[in-house]
Amino acid sequence: MKLFSYIYLFLFLFIGNTGLAQTGKYWQQQVNYDIHATLNDKDHTLNGFVKIEYINNSPDTLRYLWLHVWPNAYKNDKTAFSEQMLLSGNSKFYFSDEDERGYLNRLDVRVNKTAANIEDHPVHSDIVRIVLPEPILPKSKAEIETPFFVQIPKAFSRMGHVDQHYVLTQWYPKIAVYDVNGWHEMPYLELGEYYNNFGNYKVSITLPENYVVAATGSLKNTEEKEWLKKQTKGNIVTQPKAVKKEILVKSKKIPDIPASSAQTKTLEYNAENVTDFAWMADKRFAVKYDTAVIGNKTIDVWNFYLPKDSAVWKNSMLFSKRALHFYSKEIGNYPFPQVSVVGDAFSQSSGMEYPMITNLNAADSMELDIVITHEIGHNWFQGVIANDERTYPWMDEGFNAYFENKYARIYYSAKELELMDLGKKLLHYSILSENKDLPVNTVSVNQDIYNFLNNTYSKPVTWLQLLNNKIGDSAFTRVIKTYYNTWQFKHPAPEDFKQLAESVTNKDLTAHFAILNDTLNLQHQTISDNADYRYMLGVNEKRPVKAAAFLKLKDTDKYRYINIAPAIGFNNYDKFQVGLLLHNNTVPASKFSYILAPMFATGTKQLNGIGRLSYNWLPQSASKFQKIEASLVLSKFTFTASGTLKNEAGEKMYNHFTKIAPGLSFYWKKKNAIATIEKSLHFKTYIISEQQLEYYQPDGTDEYFVRRGSTHTNIIPQVNYVINNERTVNPWKVNAQLQYVGDLVKAQVEGNYFLNYNSKGQGLSARLFAGKIMYTTSRNDASRARNSRYHFFIYGPNINQDYTYSNAFMDRNANTNIMGRQILERDAAFKYRTDYGGGNPGIDFKNREFYFDNWMASTNFLLDVPNKLNPLAILPVKIPLRVFADIATSHIPWKAGSEESKFLYSFGLNVTLFKCINLYYPLVDSKEFKDPIKNNAAGLPPNWVQKRLTFSINTDKLQSIFKLIK
């Protein structure tokens, strides 16, 4: 299996399955292959012919055969592979060009020399059914033959090519497994591996003479084998300096691939008792060769790698031989005549196993050692013990990871393995913290990538270690070796391993195996006092408190850390603010979490700050909710100043606000672990206190002064229902909100949709908004003026309309300087800011309609300019350029007698800096938008930039920081 880097995010829940043993006399089918293939490295194609001997060892009469034609997984963006890649967050294949994709066609199937019909699978284009002219009776066999043609895709997954580096896996027509449970036809997937028949292979490969080829099986060409042994340095083309410079300018890539020879060669390989045949080819491969004596057999050991990786691969032969000896000692002797380890040009820090061969790569020597060990180990757990990996992915990966970990702890210190171990723990605890854990025994297709990594590699290792602890080292060794000897070259299920372990140890292991079907959640923490059990079951135990700097991730299962870091803030009134950031955010997360940032303001000389406290409940499996969170948000800052006026002591005065916002949120469970739609309900009440300033003239003076006045407190209850589809391509979100503020009830719905047009995240953003305001008192001039701050707005709302103080503003006095040009993307979300005296677009003065306090609707578009058309693309830093378009209407122009335009519009340009600061410059507006240039009362030359430029701060991009003040 490919080794993914361990990362931690938050995922979902699903129900697992049980593993049933085959009852009665065990049987399995035998499928032998004779394949001839020719590589065309100009067109990246294969022409092939395959003869298949299908031996029916089952008690059933077969009237059809399912045939995997897995290159068709790369045929279009409607395949199971493409869909799964999108679910995993990868849209590279979805947006690939037609000539980058692959397929298999030109089948002309004959069974025992009689033409057979082929039927498409009803769902998957990479599966077809062969309708047999004559049934295959029990204990009989049939010969199937067909030509086939393969267009090799670019490297999107395990099979493909990078230039003329080829990895040919799942490349030929292959009959699916038929066992006691029936047919196991399955589409190709990136996440979820295989279930293959055992058989004998004879394969001939024709290709240009100067290719170096590594493959499953034994190479029968003696001269070729001797030639390979001489390829110790590889073969690359070194470009002259002048040519190199020119190529760097044009393509940023220096080709080092030699031209293909005009002559061809045909290589012959034999492989017995294997489940698959894979091969890799490159004209640049450097080769290492040695032998290893395992038992009384001499094993050929081959390493193939690209010359650019020679430093990392310096000790690859040592690692390969050491892995062979280690697994042979721990489990049983290596049964095959050779093993090949091949350098992967597709990616770094990854690996994939096939019988007798693996392709992999790594960033450093230690990682290479561990990856080689893991992938060679799969010859025992997949190559010999070949369980159904799609249904029980943990059986081969988990067993193999257990022995890989044991190997790593022999040759490397705990300090050297610290990062790898930490990643696994963080992944495990993060999933538990979000109540998204799945049972180990969950089938591949029902797991998201994070649960798949955890259930396939991490938890089974702990589970096997617990079994070792339970039965003892000696008994565990007997169980493993007996398992290997009993089930080699067969297809066991979990129940088969359970029966064998109970037989060897004479113990009832039902309770221990039941853990595989458990979500390993907090409700089962009483199962054992064993610390490893508590880890596996996600027990959030009491731990001593300890201070740490910034963020501590090590030993988080031993201590509860109070993380301390410096905090820095700035606004136009408080100026720079310095303080401390205190938080307990780590993994595993505590039910009660906090983050506090008290800061001293150098401008106003007062104590400010922000903070958020929350408590999470994780309901059990019967609940509809995945998580329930109670929260409390606190903040205090200055929002305006007294201007030129001062108090009688000659000091400048400031207004400050204090916010307390308790909330309660409910997060529904997703339909299943791989679903992309999330639903949540949020209750929040804002309690806002604003310190007022009072202007006065003392008796007997001509001067005016300012002093602190009364404090105005506003209580604003709000409820939001959110549906969010976080799919990789064309995500969307709907947020329905009901709010009671002042004398108003505001109801609004906002929908956002993103239409991707490439895999780089570029596309068209579309937003729809509709809102309605209802008065709880009489709607008259006085009430409308009193509540004007809470109305909807066509133009970009500024700080006066941020009445919940949920956004970060640099200048809350709405000055016309650059900091005062900040807007909110809310309501109609126009990017135009109306300065004082500049007028409000869409207002109908004639009919005394001064406020947008009835209904409003708008649509907003933001289109990414493709990189090839973006003039800013020449800069050394990436600066996206977009075109925006805003269109809106309200109740005002639809009233009888109104002469206002029914729809207002604004078009312009957007540039994004640091992924969070959006600069907007309107270019074309409705006539109702008074040009600020005409309102330059001072008669000074107009400042086009300052008067038209606006900006917003996208707090979603800074969520980890700004969620405190939302």
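Residues numbered from 1 in each chain as written. Predicted model: local features only at pLDDT ≥ 70, side-chain atom pairs only at ≥ 80, totals over all residues. Heavy atoms only, no water.

- The protein chain has the name M1 family aminopeptidase in an unreviewed UniProt entry, where Polluticaenibacter yanchengensis is given as its organism.

**Quick look at the sheet that holds strand 19 (residues 279-282)**
- The antiparallel open sheet is built from 4 strands, whose spatial order is 10-11-19-16. Here the strands that pair on one side only, and so sit at the sheet edges, are strand 10 (160-162) and strand 16 (212-215). Here the strands of the sheet are splayed against their neighbours by 10° on average, with no regard to which way each runs.
- Note: strand 11 (residues 165-168) against strand 19, 3 bridges, orientation antiparallel. Its bridge partner lying in strand 19, Val 167 is registered against Met 280. (Pairing = 2+ DSSP bridges. Helix = DSSP H or I, 4+ residues; strand = E, 2+ residues; numbered from the N terminus. Axes fitted to C-alpha atoms, helices over the stretch in contact; angles between N-to-C directions.)

**A word on the nonpolar core**
- Among the nonpolar cores identified, the biggest contains 155 residues, and Tyr 54, Leu 65, Trp 171, Phe 277, Trp 279 and Leu 324 are the most heavily contacted of them.
- Per-element tally for this core: the top contributor is helix 8 (residues 449-471), with 10 residues.
- Discounting chain neighbours no more than four positions away, the residues touching Leu 324 are Ala 292, Ile 294, Ile 299, Val 301, Tyr 334, Val 339, Ile 376 and Trp 380.
- Grouped together as the second largest cluster of nonpolar side chains are 32 residues, Ile 610, Val 633, Phe 830 and Phe 852 included. (Core = buried A, V, L, I, M, F, W, Y, C linked by side-chain atoms within 4.5 Å. Buried < 20%, exposed > 50% of the residue type's maximum accessible area, 1.4 Å probe, protein only. Contact = heavy atoms within 4.5 Å.)

**A short note on a nonpolar patch on the surface**
- On the surface, a cluster of nonpolar side chains totalling about 640 Å² of accessible area is made up of Tyr 757, Leu 863, Val 883, Tyr 905, Phe 907, Leu 909, Leu 923 and Val 924.
- Elements supplying a minimum of two residues to the nonpolar patch: strand 39 (904-913) and strand 40 (917-925).
- Examining the composition of the nonpolar patch, we find that 3 residues originate from one element, strand 39, more than from any other.
- Inspection of the secondary structure assignment puts Leu 909 in strand 39.
- Overall, the relative accessible area of 36% leaves Leu 909 in the partly exposed class. (Patch = residues over 30% accessible without salt bridge, like charges linked within 9 Å, V, L, I, M, F, W, Y side chains within 5 Å. Areas by Shrake-Rupley, 256 points an atom, 1.4 Å probe, with all protein chains shown as cover. Salt bridge = Lys/Arg side-chain N within 4 Å of Asp/Glu carboxyl O.)

**As for the packing of helix 6 (residues 393-411) against helix 9 (residues 473-487)**
- Running from amino to carboxyl end, helix 6 crosses helix 9 at an angle of 135°, the nearest separation of the two axes being 14 Å. Put simply, helix 6 runs oblique to helix 9. Judged by the twist between their axes, the crossing of helix 6 over helix 9 is left-handed. In this structure, helix 6 contributes Met 395, Phe 399, Tyr 402 and Phe 403 to the contact, and helix 9 contributes Phe 476, Ile 480 and Tyr 483.
- Counted by class, the contact of helix 6 with helix 9 contains 7 nonpolar, no polar and no charged residues. (Parallel < 35°, antiparallel > 145°, perpendicular 65-115°, else oblique. Left-handed = near helix turned anticlockwise from the far one by under 90°. Nonpolar A, V, L, I, M, F, W, Y, C, P; charged D, E, K, R; others polar.)

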